[in-house]
Amino acid sequence: MSHVFPPAPVIDVPVVGRSETFPVRRIYCVGRNYVEHAKEMGFTGREAPFFFLKPADTLVVVGDGQTGHMPYPSLTKDLHHEIEWVAAIGKGGSNIAASDAMSHVFGFAVGLDMTRRDLQGEMKKQGRPWEIGKAFDHSAPIGPITPMDQAGDLTHVRIELSVNGQVRQTSSLDKLIWSLPEIIEHLSAAWTLMPGDLIYTGTPEGVAAVVAGDELVGSVAGLKTLRVKVTG
Ligand code: MN
């Protein structure tokens, strides 16, 4: 079989301790999954989890010890950081029970759900889709994936983001409104999960703007640190 032009390349994320990479299929993101972040966005109370997607080729893949580059995107004057704990799916399935969900997880990474907040806000106001605010090129920086058996117990660990050395977001994974098993249960009821899917599990409070030249350092204790520089 030949193509009318070369097919787009597979997007690979490095795996800690392995020469094989993790080939990405889809990126699912969870909205408003920490109480204090929901409040800062103007919402209160526990609502059912909701999801949006980013194309796989929005990833900015950053290797261990490296600094990734994210060009400041077009159309916005309010580019926000959202530090997130990312789960990488290794075994697919639909209607996965929360009690069985972790057997579908390959590993974990640190990710940034970069957001054109002004455009997202405008779309919210108009009841329109969020893609222009969320699913733009280079909107999903990610660090290496640590296999689950090497990551240790992450239930209560710290998640943090600094910009130019100053802490902007800090919380703990036990503050997630919907836990990872619950997220997988809900997600897999709506879509068939497949190996290669990534799940960005939501961001804690403290989201704010960055500008060209800023250096972002994101961490989840036990995983590889993610370093990204916003370029002009
Ligand atoms: Mn997010």
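Residues numbered from 1 in each chain as written. Predicted model: local features only at pLDDT ≥ 70, side-chain atom pairs only at ≥ 80, totals over all residues. Heavy atoms only, no water.

S.K.: It is not clear to me how the side chain of Ser 171 should be interpreted in this structure. Could you clarify?
M.R.: Structurally, the position occupied by Ser 171 is in strand β14 (residues 166-172). In this structure Ser 171 touches Tyr 34, Val 157, Arg 158, Ile 159, Pro 204 and Glu 205, once residues within four positions along its chain are discounted. (Helix = DSSP H or I, 4+ residues; strand = E, 2+ residues; numbered from the N terminus. Contact = heavy atoms within 4.5 Å.)

S.K.: Help me out: how do you make sense of the pattern of salt bridges in this one?
M.R.: Charged atoms that come close allow side chains of opposite charge to pair. Within this structure, the stated rule accounts for twelve salt bridges. When the shortest N-O distance is used, the salt bridge between Asp 64 and Lys 224 registers 3.2 Å. One end of the pair, Asp 64, is in the loop between β5 (59-61) and β6 (68-71); the other, Lys 224, is in the loop between β16 (215-220) and β17 (226-231), with 160 residues separating them in the sequence. A salt bridge links Glu 82 to Lys 134, with the nearest nitrogen and oxygen atoms 3.2 Å apart. Of this pair, Glu 82 sits in the loop between β7 (79-80) and β8 (83-89) while Lys 134 sits in helix α3 (residues 131-134), and the two are 52 residues apart along the sequence. Both residues of the pair, Glu 82 and Lys 134, belong to the buried class. When salt bridges that share partners are traced, they join Lys 54, Glu 82, Asp 113, Arg 117 and Lys 134 into one network. (Salt bridge = Lys/Arg side-chain N within 4 Å of Asp/Glu carboxyl O. Buried < 20%, exposed > 50% of the residue type's maximum accessible area, 1.4 Å probe, protein only.)

S.K.: Before we go on, may I ask you to explain the pairing of β6 in this structure?
M.R.: Consecutive residues of a regular strand have side chains that alternate between opposite faces of the sheet. In β6, alternate side chains face the same way, and those of Gly 68 and Met 70 are buried while those of His 69 and Pro 71 on the opposite face are not. Pairing geometry for β6 and β17, over four bridges, is parallel. Of the residues in β17, the one forming a bridge with Met 70 is Val 230. (Pairing = 2+ DSSP bridges.)

These values are about where atoms sit, not about what they do.
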